[in-house]
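Observations on the model geometry
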Protein chains: 2
Amino acid sequence: MNQTKQKVKEQFHLFLSKKGLKATLQRSLILDAFLGLDRSTHIDELYLLLRGRHSNIGHATVYRALRLFAAAGIAREVNLGDGLTRYEVAGGKRRDYLVCNDCGTVTEFENSTIARHQAELARNLGFTVQSLKIELRGICGNCQERQG
Amino acid sequence: MNQTKQKVKEQFHLFLSKKGLKATLQRSLILDAFLGLDRSTHIDELYLLLRGRHSNIGHATVYRALRLFAAAGIAREVNLGDGLTRYEVAGGKRRDYLVCNDCGTVTEFENSTIARHQAELARNLGFTVQSLKIELRGICGNCQERQG
DNA sequence: AATACAATGATATTCACTTTCAAGCCATCA
DNA sequence: TGATGGCTTGAAAGTGAATATCATTGTATT
């Protein structure tokens, strides 16, 4: 067991007891699966993953658990405009997204140069920045090769 | 009539005849309304706006026209994660978005410092960048005051 | 163990987007 | 001009992901 993951679990438990909510088997399993993925995911992906292992977890439960993780500050919602709500582990490094307009592939990478400028601009406008998302759209390397 | 808008209309007409599509009254009205707004909009906003003036324009027609504008390269889709698909006039200056997590207000502002970084990012990742979206979330000035 | 109440999960609902299809309109050709 | 073919329209129906419902089950506390 990774030490960071253990900390996140403790954070989640603390959140639950503070709010008078309960630690259930399902929430534990979903959190494990969520932390086990080192990239953004969405409800159905987690649902199918867990469904394969534990046939007793419902779609609605995964949905509610992810929102709960977000409320607890251990997950972050990401929307890339493909109709799905994605979630990624919060607190990690910032992620930027490269979305291919041709094949739809989403590549994630880390970068921080742009972020600083924007956050500063926002502050000048009296806006307290809580999160920043940068999304680049274009044609990925594979699709460029395919097209010649 | 603004000269830029006139050019866009000609561009659209050219696109239509190239594709064997037809110039209709509805498309003309929707394009006028779209160009008349100097900010991003969404289907229902345009629909209601036009509905007030011309009771004969349907929801589906507005929807199809906006997609057509995007295909013609005169509109760009913007998704801010609130469940709505927004459209803005393409070819204008880049827009960044400030979304308030409290009241949901979307503030748009212009900024050009980012443009420089695009080419560099593209080279490094083998990715041809077609568009860049930057979205900041946080608490807007009004909500900060309200909260003390 | 009993109690109170939160959680679950199958199902139903919502909401925006998208498609369908019969009727109407536009551009072209004789 | 008038007819023809096919694109367009708009009301209505369909789609899919997100969200709500509700009876049942599970959890934590007394």
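Bear in mind that the values here come from a model prediction, so they are computed numbers and not experimental data. (Residues numbered from 1 in each chain as written. Chains lettered and ligands numbered in written order. Predicted model: local features only at pLDDT ≥ 70, side-chain atom pairs only at ≥ 80, totals over all residues. Heavy atoms only, no water.)

1. Structural notes on the sheet that holds strand β2 (residues 75-79) of chain A
Backbone-to-backbone hydrogen bonds pair the strands of a sheet. The strands run either parallel or antiparallel. Residue and element names in this part refer to chain A. Read from one edge of the open sheet, three strands run β1-β3-β2, paired in antiparallel fashion. Each of the sheet's edge strands pairs with one partner strand only, and the pair in question is β1 (41-42) and β2. With two bridges connecting them, β1 and strand β3 (residues 85-89) associate as antiparallel partners. The partner of His 42 across the bridge, within β3, is Arg 86. Packing against the sheet, helix α2 (residues 25-36) makes contact with β1, β2 and β3, and its axis sits at approximately 80° to β3. (Pairing = 2+ DSSP bridges. Helix = DSSP H or I, 4+ residues; strand = E, 2+ residues; numbered from the N terminus. Contact = heavy atoms within 4.5 Å. Axes fitted to C-alpha atoms, helices over the stretch in contact; angles between N-to-C directions.)

2. A word on the pairing of strand β4 (residues 96-100) of chain A
Residues and elements named next belong to chain A. Counting buried residues in β4 gives five out of five residues, a clear majority hidden from the surface. In β4, alternate side chains face the same way, and those of Asp 96, Leu 98 and Cys 100 on one face and Tyr 97 and Val 99 on the other are all buried. Summarising the sheet, β4 and strand β5 (residues 106-109) pair through four bridges and their orientation is antiparallel. By the bridge assignment, Leu 98 is partnered in β5 with Thr 107. In this structure, the hairpin formed by β4 and β5 is closed by a connection of five residues, where Gly 104 is found at a positive phi of approximately 85°. (Buried < 20%, exposed > 50% of the residue type's maximum accessible area, 1.4 Å probe, protein only.)

3. Some points on the pairing of β2(A)
For a regular strand, side-chain orientation follows a simple rule: the groups alternate between the two sheet faces. All names here are of chain A. One ladder, built from five bridges, connects β2 with β3; its direction is antiparallel. Within β3, the residue paired with Glu 77 across the bridge is Tyr 87. Linkage of β2 to β3, two consecutive antiparallel strands, is achieved through a turn of five residues, within which Gly 81 is found at a positive phi near 75°.

4. Some thoughts on the packing of α2(A) against helix α4 (residues 59-71) of chain A
Residues and elements named next belong to chain A. Their axes nearest at 10 Å, the elements α2 and α4 cross at an angle of 70°. Here α2 lies roughly perpendicular to α4, going by the angle between them. Every pair of crossing elements has a handedness; the one defined by α2 and α4 is right-handed. Along the contact surface, α2 presents Gln 26, Arg 27, Ile 30, Leu 31 and Phe 34, while α4 presents Thr 61, Val 62, Ala 65, Leu 66, Leu 68 and Phe 69. Each residue belonging to the contact of α2 with α4 can be placed in one class, and the counts come to eight nonpolar, two polar and one charged. (Parallel < 35°, antiparallel > 145°, perpendicular 65-115°, else oblique. Left-handed = near helix turned anticlockwise from the far one by under 90°. Nonpolar A, V, L, I, M, F, W, Y, C, P; charged D, E, K, R; others polar.)

5. What about helix α3 (residues 43-53) of chain B?
All names here are of chain B. Within the span of α3, buried status applies to Ile 43, Leu 46, Tyr 47 and Leu 50. Down the axis of α3, the buried set is contained in an arc of 100°. They therefore lie on one face. Of the exposed residues in α3, the ones pointing more than 90 degrees away from its buried face are Leu 48 and Gly 52. Its buried side turned inward, α3 meets α2 (25-36), β1 (41-42), α4 (59-71) and β3 (85-89). (Arc of directions from axis to C-beta.)

6. Regarding the pattern of salt bridges
Any two side chains of opposite charge can pair if their charged atoms end up close together. Residue and element names in this part refer to chain B. One pass over the structure, following the stated rule, counts six salt bridges over all chains. The partner of Lys 9 in a salt bridge is Asp 32, with the nearest N and O atoms 2.4 Å apart. Pair noted here: Lys 9 is in helix α1 (residues 3-19) and Asp 32 is in helix α2, with a separation of 23 residues, a long-range link. For Glu 88, the salt bridge goes to Arg 76, with nearest N and O atoms at 2.2 Å. With a gap of twelve residues between them, Glu 88 in strand β3 and Arg 76 in strand β2 (residues 75-79) connect regions that are remote in the sequence. Assessed through its relative accessible area of 5%, Glu 88 is described here as buried. (Salt bridge = Lys/Arg side-chain N within 4 Å of Asp/Glu carboxyl O.)

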